[in-house]
Amino acid sequence: MSDPAHPIIDASGALTAIAERFDLGGPVSGIEPLGHGNVNDTYLVRLGEPARPAAVLQRVNTKVFTSPELVMGNLVAFSNHVARRLLEPPRELAGRRWEVPRVYQARADGCPWVWEGSSFWRALGYVERAQSLERIGHSGHAREIGFGLGMFHRLISDLPVESLADTLEGFHITPGYLRQFDQVLARLGSSTDPELSDCLAFVEQRRSMVPVLEQAKAAGILHQRPIHGDPKINNVMLDLEGDHAVALVDLDTVKPGLVHYDIGDCLRSACNPLGEDAADWRAVHFDVRLCEALLGGYGSVASSFLTPADYDHIVVAIRLISFELGLRFLTDHLAGDVYFKTRYRGHNLLRARVQFQLTESIERQEAAIEAVVAAIR
């Protein structure tokens, strides 16, 4: 989704002029749209003759990221830290590659961004010979996605959390989303829509679980660490040749948080085979087989930084993050679809039902998921 304040500009020459303000190491020979991101405008920059993909040019959505310089500060701190760690890589990376997208600097002042009018631009390295998935094809993919998230967390586990700015305050703080829901609901009258009534009842029945992670954090049981913030499966890059995880991308949400937000969000994304927009929400289920594979990959590299308390809260995090997204979809439906992009009225209500059905499936299989977590401890 493009930033509505900044419509897509003509790539015939303006984009090239912006790309050339960065020190990319060669002449720009072509620019084309890249991916289907929901926040930033993203382009692939090709360099030289013959043209080769070399950089990702992005216009950062400053409505979402109101302090883009802080976003880039986090990204530079993360990149520099991981680069140092990779000088002596963990043994789990023996025989395989791991990449951190390079942050290019502007020619004029050496900053890792340029302003063009009211638009904020940055250029990052392109991860070659790799792809992302919208759906997991088999358990091997799930294991690699888990490995990728675990390696990501391991490489930044000793990055001081104080060195990162909180660029999205309130993100994944479920009690805050519940307060927003209550505020929107209080402005509305009673509803006769049975689907909506079902969703409202679903929320009421689960209020007690909403603060569990934040209470554990406040009590010092869980601790903030650097996190990715948005580790959906399509943000994990897999090698084209061996299907091995080689990088995590979309790093705008790197910030302080609980690793449980990442674990829960990754599993919510990976273990719902029908996806967020499933037409038949009743058919949605949480695939424990994929969960076992993904957590097996994650656990293979996570033992060096996870605490016993961290393991204790994984299952509730999986349930809570699925519920949280459903709550956000429901709140947006009640507010008139002002946040999430929709294709029709009722789209967010359907999305809420999908996530609530996924939550219920997790609840029904809690014992099996607990056994999966026990196996990786």
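Everything numeric in this text was worked out from a predicted model, so none of it was measured. (Residues numbered from 1 in each chain as written. Predicted model: local features only at pLDDT ≥ 70, side-chain atom pairs only at ≥ 80, totals over all residues. Heavy atoms only, no water.)

### Let's talk about the state of the cysteines
Each disulfide is one covalent bond, formed between the sulfur atoms of two cysteines.
Next up, step 1: Tallying each qualifying case throughout the model produces zero disulfides.
Next up, step 2: Cys266 carries a free sulfur, and the closest cysteine sulfur to it, the one in Cys271, is 8.0 Å from it. (Disulfide = S-S within 2.5 Å.)

### Side note on the nonpolar core
Generally speaking, soluble globular proteins have nonpolar side chains that are buried together.
Next up, step 1: Counting 99 residues, the largest nonpolar core has Leu267, Phe286, Phe323 and Leu330 as the members making the most contacts within it.
Next up, step 2: Ranked by residue count, the leading element in this core is helix 10 (residues 314–335), at twelve residues.
Next up, step 3: If we ignore the near neighbours within four places in the chain, the residues touching Leu330 are Phe181, Leu196, Cys199, Leu200, Val203, Asn348, Leu349, Ala352 and Phe356.
Next up, step 4: Ala19, Val45, Ala55 and Tyr104 belong to the second largest nonpolar core, which has 18 residues in total. (Core = buried A, V, L, I, M, F, W, Y, C linked by side-chain atoms within 4.5 Å. Buried < 20%, exposed > 50% of the residue type's maximum accessible area, 1.4 Å probe, protein only. Helix = DSSP H or I, 4+ residues; strand = E, 2+ residues; numbered from the N terminus. Contact = heavy atoms within 4.5 Å.)

### Describing the environment of Gly229
Next up, step 1: Relative to the assigned elements, Gly229 resides in the loop between strand 7 (225–227) and strand 8 (236–239).
Next up, step 2: Distance from Gly229 to Leu57, taken between C-alpha atoms, is 21 Å for residues 172 residues apart in sequence.
Next up, step 3: Once residues within four sequence positions are removed from consideration, Gly229 is found in contact with Phe171, His172, Thr253, Asp262 and Asp265.

### Regarding the sheet that holds strand 2 (residues 41–47)
Consider a sheet: its strands pair through backbone hydrogen bonds, and that pairing is either parallel or antiparallel.
Next up, step 1: Strand order across the open sheet formed by five strands is 1-2-3-5-4, with antiparallel pairing between neighbours. The open sheet terminates on both sides in strands that have one partner only, identified here as strand 1 (28–33) and strand 4 (114–116). Neighbour to neighbour, the strand axes of the sheet diverge by 30° on average, direction disregarded.
Next up, step 2: The pairing of strand 3 (residues 52–60) with strand 5 (residues 119–125) spans six bridges and is classified as antiparallel. Paired with Val60 across the two strands is Phe120, which belongs to strand 5.
Next up, step 3: On top of the sheet, helix 2 (residues 68–85) reaches strand 3, strand 4 and strand 5; it is set at about 15° to strand 5, its chief contact. (Pairing = 2+ DSSP bridges. Axes fitted to C-alpha atoms, helices over the stretch in contact; angles between N-to-C directions.)

### Side note on the pairing of strand 3
Next up, step 1: Within strand 3, eight of the nine residues are buried, which leaves the element mostly enclosed by the surrounding structure.
Next up, step 2: In the sheet, strand 2 pairs with strand 3 via seven bridges, with the strands oriented antiparallel. Across the sheet, residue Leu44 finds its bridge partner in strand 3, namely Val56.
Next up, step 3: Hairpin connection of strand 2 to strand 3: four residues between the antiparallel strands, including Gly48 at a positive phi of 75°.

### As for the packing of helix 5 (residues 194–205) against helix 11 (residues 347–364)
Next up, step 1: Remark: helix 5 packs on helix 11, axes separated minimally by 11 Å, with the N-to-C direction vectors making an angle of 45°. Relative to helix 11, the element helix 5 lies oblique. The two elements helix 5 and helix 11 meet at a crossing, and its hand is left-handed. Where helix 5 abuts helix 11, its residues Glu195, Leu196, Asp198, Cys199, Phe202 and Val203 lie against Leu349, Arg353, Phe356, Thr359 and Glu360.
Next up, step 2: Of the residues in the contact of helix 5 with helix 11, the class split is six nonpolar, one polar and four charged. (Parallel < 35°, antiparallel > 145°, perpendicular 65-115°, else oblique. Left-handed = near helix turned anticlockwise from the far one by under 90°. Nonpolar A, V, L, I, M, F, W, Y, C, P; charged D, E, K, R; others polar.)

### Brief notes about the sheet that holds strand 9 (residues 245–248)
Next up, step 1: Within the open sheet, the three strands sit side by side as 6-8-9. Their pairing is antiparallel. Both outer strands of the open sheet, strand 6 (130–131) and strand 9, are each paired with one neighbouring strand and no more.
Next up, step 2: Two strands pair when backbone bridges link them, and strand 6 and strand 8 are joined in this way by two bridges, in the antiparallel orientation. Across the sheet, Gln131 pairs through a bridge with Leu238, a residue of strand 8.

### A few points about unusual backbone geometry
Next up, step 1: In this model, Asp250 sits at a positive phi of 60°, which is unusual for a non-glycine residue.
Next up, step 2: Looking at the secondary structure, you find Asp250 in the loop between strand 9 and strand 10 (255–257).
Next up, step 3: Its identity is not glycine, yet Asp337 carries a phi of approximately 60°, on the positive side.
Next up, step 4: The residue Asp337 is located in the loop between helix 10 and helix 11 in this model.

### Regarding the packing of aromatic side chains
Next up, step 1: The tally for this structure, following the rule as stated, stands at ten aromatic pairs.
Next up, step 2: In textbook terms, an aromatic cluster arises when at least three aromatic residues are bridged by ring pairs, as seen for Trp113, Trp115 and Phe120.
Next up, step 3: If you follow Arg96 out to its NZ or CZ, it ends over the ring of Phe147, 3.9 Å from the centre.
Next up, step 4: Sitting above the plane of the Phe202 ring, Arg206 keeps its charged end 3.5 Å from the centroid. (Phe/Tyr/Trp six-rings, centres within 6.5 Å; stacked < 30°, edge-to-face > 60°. Lys NZ or Arg CZ within 6 Å of the ring centre and 35° of its normal.)

### Thoughts on the pattern of salt bridges
Once the charged atoms of two side chains with opposite charge are near each other, the side chains can pair.
Next up, step 1: This structure, assessed with the given rule, holds 27 salt bridges.
Next up, step 2: Residue Arg59 is joined to Asp41 by a salt bridge in which the shortest nitrogen-to-oxygen separation is 2.6 Å. Placement of the pair is Arg59 in strand 3 and Asp41 in strand 2, with a sequence separation of 18 residues. Each member of the pair, Arg59 as well as Asp41, is classed as buried.
Next up, step 3: Among the salt bridges present, the one from Asp252 reaches Arg122, with a minimum N-O distance of 2.6 Å. (Salt bridge = Lys/Arg side-chain N within 4 Å of Asp/Glu carboxyl O.)

### What to know about the confidence of the model for the protein chain
Next up, step 1: The share of residues in the protein chain with pLDDT of 70 or more is 96%, and the mean pLDDT across the chain is 92.
Next up, step 2: Throughout residues 1–11 the model reports pLDDT below 50, and contacts reaching past four residues in sequence, or to other chains, amount to 32 contacts. (pLDDT = per-residue confidence, 0-100.)

### Digging into helix 7 (residues 259–270)
Next up, step 1: For helix 7, spanning twelve residues, the distance from its first C-alpha to its last is 16 Å, which sits close to the expected 16 Å at 1.5 Å a residue.
Next up, step 2: Burial analysis of helix 7 places twelve of its twelve residues in the buried class, the great majority of the element.
Next up, step 3: For helix 7, the complete set of buried residues consists of Val259, His260, Tyr261, Asp262, Ile263, Gly264, Asp265, Cys266, Leu267, Arg268, Ser269 and Ala270. (Expected span 1.5 Å × (residues − 1).)

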